[in-house]
2 protein chains.
Amino acid sequence: MTHFVVLSGGLGGARFLTGLRRAAREGLLPGQHGAAAEPRLTAIVNTADDLWLHGLKICPDLDTVMYSLGDGIDPDRGWGRREESWQAAEELAAYGVTGTWFGLGDRDLATHLVRTQMLHSGFGLSDVTAALCARWQPGVTILPMSDDRVETHIAIADADSPSGQRVVHFQEYWVRLRAEMAARAVAFIGVEDATPAPGVLEAIADADVIFVPPSNPVVSIGPILAVPGIRTALGAARAPIVGLSPIIAGDHVRGMARQLLPSIGVEVTAAGVGAHYGARANGGLLDGWLVDTQDVSAVSQLAQIGLKSASVPLLMTSPDATVSMVLSALELVS
Amino acid sequence: MTHFVVLSGGLGGARFLTGLRRAAREGLLPGQHGAAAEPRLTAIVNTADDLWLHGLKICPDLDTVMYSLGDGIDPDRGWGRREESWQAAEELAAYGVTGTWFGLGDRDLATHLVRTQMLHSGFGLSDVTAALCARWQPGVTILPMSDDRVETHIAIADADSPSGQRVVHFQEYWVRLRAEMAARAVAFIGVEDATPAPGVLEAIADADVIFVPPSNPVVSIGPILAVPGIRTALGAARAPIVGLSPIIAGDHVRGMARQLLPSIGVEVTAAGVGAHYGARANGGLLDGWLVDTQDVSAVSQLAQIGLKSASVPLLMTSPDATVSMVLSALELVS
């Protein structure tokens, strides 16, 4: 059985996975010979944007992937549950507690309650994720990158602080502060002591193709690669590793990569991110890198550093468009 | 400042307290000479029907009292919040978790989240209750009977069990099983090791009048009296202690006292409950006992055991009716 593995953040990864699953269900992937040969799909999901809030463990990327693949996501917002209500959140605000800038819907709350109670009972996040997925039937094995607590924090300028800056949780930077200021530095707190979740290294070793979807290179893919053991496993994988640029024409399609890439010294271009990941042949991550047709000049630039590249339309405007991207990526490394 | 103290369960106590507060605000209580002399009101509330569910600490009686006095209660149900929704509860059921028979509204959830997080942060239940009341402004100092965990469990017949019975949490007996079977025994798990919450013994000692409202004698008032130290403090109180019968014409007005009283050997009558509490002069609890006009025969019966009694209308059908009951109770022990 062919095994496709995807490193995933939230919305970008979720949309890519939805396209990949669709391609699998329509028998469009290599190695498929009818429904009996439906391939195995695994998502290794960033957990560094997780947070504890109101005593609840919230895993935004895991939930976005699970809700998206389980058809429970709000398609307009791109996060949280459809047909959502906000009564509990209103009440929390009425009690004057902190953290009410984070959108916590009534339906969504149930997921966090089940997760938190299971964690307090001693289950690992990967066990919890499997239990939640028993309901959502995503058609993809969803693995957290790690069962250990890792949290992305962002340093921003703060004239009121003696140091001239302060450090906020990624969710505070993104949701509360709307990423309106440049990130000065990004830290994945706890990642040095984290280990890959059960199944992660096995999936990487077993994969036939590994995708790096158009997720944020700094705060979505970055933490996954920073978990000790994962980068080495990717380097040793027998599968080709193919990425898709989240930067089109010098800006992110969605999110805040533009504000974050400079903090790690990466140019906000498709070529810049490709070079950041690097060619596997030269100690980098990738065997192939898809850029948008608007970034065709990146193809020759990246050839100079040994990274095979091609340009195709990269906007996930529809499931069909995403299926095309999946097939183009596969073709690039076939 | 005159100080009125009420031992309270949920709905019955909450309605009585609402009437008492109304009487206070209208200047109808003894010792009042204009608004400047507004009396102090304290409720000592049963916490033995508390439960942990979905990882949350839920205190039904405390919440019923707080929501009632804070005008947040659903007046028709008599528990939970008005304008409530049930989205999180639907989702919990969809996840297949246990305990979804307990009604957990979206607005109500916020209270439990704030409480649970405060408890996990090391605050006592009385601190938490004061914090929650900062929002609700009940006009009554609401004290849990104890900060320690005490839980009422009920033994019921179970033909499938080797012992012929099983033991369920009070909420399971009342909410899930609807108290449809007789209780064989009632146990307040943990009460032996519980201590009165901060302020409880002080309120009893300081009180000018202590009320036992028409709450359930077994599972509402019973646990309060069972907390070591409270019964002794009541016996030593300088205040008269006056109770109101929850049994009218041989049945409870609301709740499940009829199913529970036989388990502690008490007749389901106004006289039976009065005798159960007993006359203070003879080592019992009460200086006075109000029964309904339908139970006028109880007055002479109770006189024989030294308990001063009177019959008045005891249905809390309106705030005015409750004010009359409060004034009748005061008159009985004045």
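Residues numbered from 1 in each chain as written. Chains lettered and ligands numbered in written order. Predicted model: local features only at pLDDT ≥ 70, side-chain atom pairs only at ≥ 80, totals over all residues. Heavy atoms only, no water.

Chemist: When you look at the environment of B:Leu332 in this model, what are you seeing that I'm missing?
Modeler: Residue and element names in this part refer to chain B. Its location among the elements puts Leu332 in helix H13 (residues 319-333). A relative accessible area of 8% means that Leu332 is categorised as buried. Counting along the chain gives 22 residues from Leu332 to Ala310, while the straight-line C-alpha distance between them is 7.2 Å. In this structure, Leu332 is in contact with Val242, Gly288, Trp289, Leu290, Lys308, Ser309 and Ala310, ignoring residues within four places of it in sequence. (Helix = DSSP H or I, 4+ residues; strand = E, 2+ residues; numbered from the N terminus. Buried < 20%, exposed > 50% of the residue type's maximum accessible area, 1.4 Å probe, protein only. Contact = heavy atoms within 4.5 Å.)

Chemist: I tried to follow helix H3 (residues 87-94) of chain B on my own but got confused; where do I start?
Modeler: Residues of H3(B) that are buried include every one of B:Gln87, B:Ala88, B:Glu91 and B:Leu92, and no others. Along the axis of H3(B), the buried positions cluster into a sector of 135 degrees, meaning they face one direction only. In the core, the buried residues of H3(B) are packed alongside helix H4 (106-120) and helix H5 (125-136) of chain A together with helix H4 (106-120) of chain B. Within two residues after H3(B), B:Gly96 carries a phi angle of roughly 75 degrees, on the positive side. (Arc of directions from axis to C-beta.)

Chemist: Please explain the packing of helix H2 (residues 60-69) of chain A against H5(A) as it appears in this structure.
Modeler: To describe two helices that pack against each other, one gives the angle between their axes and the distance between the axes. Residues and elements named next belong to chain A. The geometry of H2 relative to H5 is characterised by a closest axis approach of 10 Å and an angle of 25 degrees between their N-to-C directions. Relative to H5, the element H2 is oriented roughly parallel. By crossing handedness, the relation of H2 to H5 is classed as right-handed. From H2, Leu62, Met66 and Tyr67 reach across to H5, where they touch Leu125, Thr129, Leu132, Cys133 and Trp136. For the contact of H2 with H5, the residue count by class is seven nonpolar, one polar and no charged. (Axes fitted to C-alpha atoms, helices over the stretch in contact; angles between N-to-C directions. Parallel < 35°, antiparallel > 145°, perpendicular 65-115°, else oblique. Left-handed = near helix turned anticlockwise from the far one by under 90°. Nonpolar A, V, L, I, M, F, W, Y, C, P; charged D, E, K, R; others polar.)

Chemist: Sorry, what's going on with the sheet that holds strand E7 (residues 165-169) of chain A here?
Modeler: For sheets, the rule is that strands pair by backbone hydrogen bonds, running either parallel or antiparallel. Residue and element names in this part refer to chain A. Strand order in the open sheet made by the three strands is E7-E6-E8, with antiparallel pairing throughout. Edge positions in the open sheet fall to E7 and strand E8 (185-189), since each of these has one partner strand only. Each adjacent strand pair in this sheet contributes to an overall mean axis angle of 30 degrees, direction not counted. Relative to E8, strand E6 (residues 151-157) runs antiparallel, the two being bridged by five bridges. Looking at E8, one finds that Ile154 is bridged to Val186. Helix H8 (residues 217-226) contacts E6 and E8 of the sheet and is inclined by roughly 45 degrees relative to E8. (Pairing = 2+ DSSP bridges.)

Chemist: Looking at this structure, I do not really get the domain arrangement of chain A. What am I missing?
Modeler: One frequent convention defines the size of an interface as the accessible area lost when the parts assemble. Residue and element names in this part refer to chain A. Taken domain by domain, chain A consists of domain 1 (3-49 + 126-147 + 199-333) and domain 2 (151-192). Taking the mean C-alpha position of each, domain 1 and domain 2 sit 26 Å from one another. Between domain 1 and domain 2, the residue contacts involve 14 residues of the former and 18 residues of the latter. Interface area for domain 1 against domain 2, summed over the two sides, is near 1,200 Å², with a carbon-plus-sulfur share of 70%. Summed over the shared surface of domain 1 and domain 2, the result is four residue pairs in polar contact (both at pLDDT 80 or more). (Domains from an automatic or database assignment. Buried area = accessible area lost by both parts, 1.4 Å probe. Polar contact = N/O pair within 3.5 Å; in protein donor to acceptor, adjacent residues only side chain to side chain.)

Chemist: Just to check I follow, could you spell out the relation of the copies chain B and chain A for this structure?
Modeler: Two copies of the chain are present, and they differ by a rotation about an axis and a shift along that axis. Each copy superposes on the other: chain B lies on chain A with an RMSD of 0.0 Å after a rotation of 180 degrees and an axial shift of 0.0 Å. Between the two chains, the operation in question is that of a two-fold axis. When C-alpha positions in chain B are compared against the rotation axis, the closest is assigned to B:Asp106, at 3.0 Å. A shared binding surface is used by both copies, with 100% of the interface residues of chain B retained as interface residues in chain A. (Least-squares fit on C-alpha atoms with pLDDT ≥ 70 in both.)

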